[in-house]
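For reference, the chains in residue letters:
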Amino acid sequence: VFALAALVLLAAAIGWLVRAPLFTVRAIVLDGELSRSNLATVRANALPQLAGNFFSFDLARGRAAFESVPWVRQAVVRRVWPNRLAVTLEEHRAAALWQGQGERDRGSDRLVNSQGEVFEANLGDVEDEALATLAGPEGSAAQMLAMQRRLADTLAPLEARIERLKLSSRGSWRAELDSGADLELGRGSEDDVVARAARFARTLAQA
């Protein structure tokens, strides 16, 4: 009986301790290089989704709340004793505009980050950055970004910039340059396509 009573008292003490005001989350410390997001944006988007104290706070749900903030690619959330949260945010770095060919891509504002991942954002935030547009099948963004970078290096001697790179559903590549020229690069491996572009660059320079 005494042992049972002791267990009940211990459980009650632990319950009181967990709910004690001392462990209410009182501060959130943000870290990371933020250029697109600011404190007001983070507060407005993430804080309404947070609940719980130091012990009951759901880290996975907290991470999802911070990753719902526009331009945030990844969030790492951890507890700091006794009543704080430490949050490290990583932002998307826009590398290209995305123009997919699927139903879900129509009418949406989407970008490709430097890791080749497609994400939604306000295109007005990057209107001054002269990003190339990638147009291809769903799931091909990383491949297309890698190709765009290789072709940009290949065409650099011509002082030509790729404005739009398209990959058809049949695997055919087409590059539209800022000069207005369209390069039909055809199908094949990435090395084959880059080799064709390199031959074009050499031939045009000679001509």
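Here, every reference points to the structure presented above.
Presented here is a report on the structure given in the accompanying data block.

Conventions adopted
Residues numbered from 1 in each chain as written. Predicted model: local features only at pLDDT ≥ 70, side-chain atom pairs only at ≥ 80, totals over all residues. Heavy atoms only, no water. Buried < 20%, exposed > 50% of the residue type's maximum accessible area, 1.4 Å probe, protein only. Helix = DSSP H or I, 4+ residues; strand = E, 2+ residues; numbered from the N terminus. Arc of directions from axis to C-beta. Contact = heavy atoms within 4.5 Å. Polar contact = N/O pair within 3.5 Å; in protein donor to acceptor, adjacent residues only side chain to side chain. Pairing = 2+ DSSP bridges. Axes fitted to C-alpha atoms, helices over the stretch in contact; angles between N-to-C directions. Core = buried A, V, L, I, M, F, W, Y, C linked by side-chain atoms within 4.5 Å. Phe/Tyr/Trp six-rings, centres within 6.5 Å; stacked < 30°, edge-to-face > 60°.

**Comments concerning helix α3 (residues 59-67)**
The periodicity of an α-helix, 3.6 residues per turn, causes residues three or four places apart in sequence to face the same way. Buried residues of α3: Gly-62, Ala-65 and Phe-66, and no others. Seen end-on, α3 carries its buried residues on one side only, within an arc spanning 90 degrees. The elements touched by buried residues of α3 are β1 (27-31), α2 (39-46), β2 (72-80) and β3 (84-91). The N-cap of α3, judged by a side-chain oxygen 3.0 Å from the amide nitrogen of Ala-60 a few residues on, is Asp-58.

**Observations concerning the sheet that holds β3**
Ordered by their spatial adjacency, three strands build an open sheet running β1-β3-β2, and the pairing between neighbours is mixed. At either margin of the open sheet sits one strand with a lone partner, and together these are β1 and β2. Along the sheet, successive strands turn relative to each other by an average axial angle of 20 degrees, direction set aside. Strand direction decides the pairing type here: β1 and β3, joined by five bridges, are parallel. Its bridge partner being in β3, Val-29 is matched across the sheet by Ala-86. The sheet strands contacting α3 are β1, β2 and β3, and the helix crosses β2 at an angle near 145 degrees.

**Focus: the nonpolar core**
Among soluble globular proteins, nonpolar side chains are generally buried collectively. Leu-134, Leu-151, Leu-165, Trp-173 and Leu-185 are the most contacted members of the largest nonpolar core, which has 24 residues in total. For this core, the secondary-structure elements that each account for two or more residues are β4 (94-100), α4 (141-155), β8 (162-167), β9 (173-177), β10 (182-186) and α5 (190-206). Here this core takes six residues from α4, the largest share from any one element.

**A few points about the packing of aromatic side chains**
The full count for this structure, using the stated rule, is four aromatic pairs. Look at Phe-54 and Phe-55: their rings are 5.4 Å apart centre to centre, the planes differ by 85 degrees, and that puts the pair in the edge-to-face class. With a centroid separation of 6.2 Å and 75 degrees between ring planes, the pair formed by Phe-55 and Trp-81 is classed as edge-to-face. Here Phe-55, found in the loop between α2 and α3, pairs with Trp-81, found in the loop between β2 and β3; they are 26 residues apart in sequence, far enough to count as distant.

**Considering the sheet that holds β8**
Strand order in this open sheet of seven strands is β6-β5-β4-β7-β8-β9-β10, and the pairing throughout is mixed. In the strand order of this sheet, the two ends are held by β6 (118-120) and β10, each with one partner. The average undirected angle you get between the axes of adjacent strands in this sheet is 30 degrees. As judged from the three bridges shared by strand β7 (residues 133-136) and β8, these two strands associate in the parallel manner.

**Points about the side chain of Asn-53**
Along the chain, Asn-53 falls in the loop between α2 and α3. Residue classification places Asn-53 among the buried positions, given a relative accessible area of 12%. A polar contact of 3.0 Å, which involves the side chain of Asn-53, links it to the backbone nitrogen of Phe-55. A distance of 2.9 Å separates the side chain of Asn-53 from the backbone nitrogen of Ser-56, its partner in a polar contact.

**Focus on the environment of Ala-132**
Along the chain, Ala-132 turns up in the loop between β6 and β7. Taking the C-alpha atoms as reference, Ala-132 lies 9.8 Å from Asp-178; in sequence the two are 46 residues apart. When residues no more than four places from it in sequence are discounted, the contact partners of Ala-132 are Ala-96, Leu-97, Gln-148, Ile-162 and Glu-163.

Keep in mind these values describe shape, not function.
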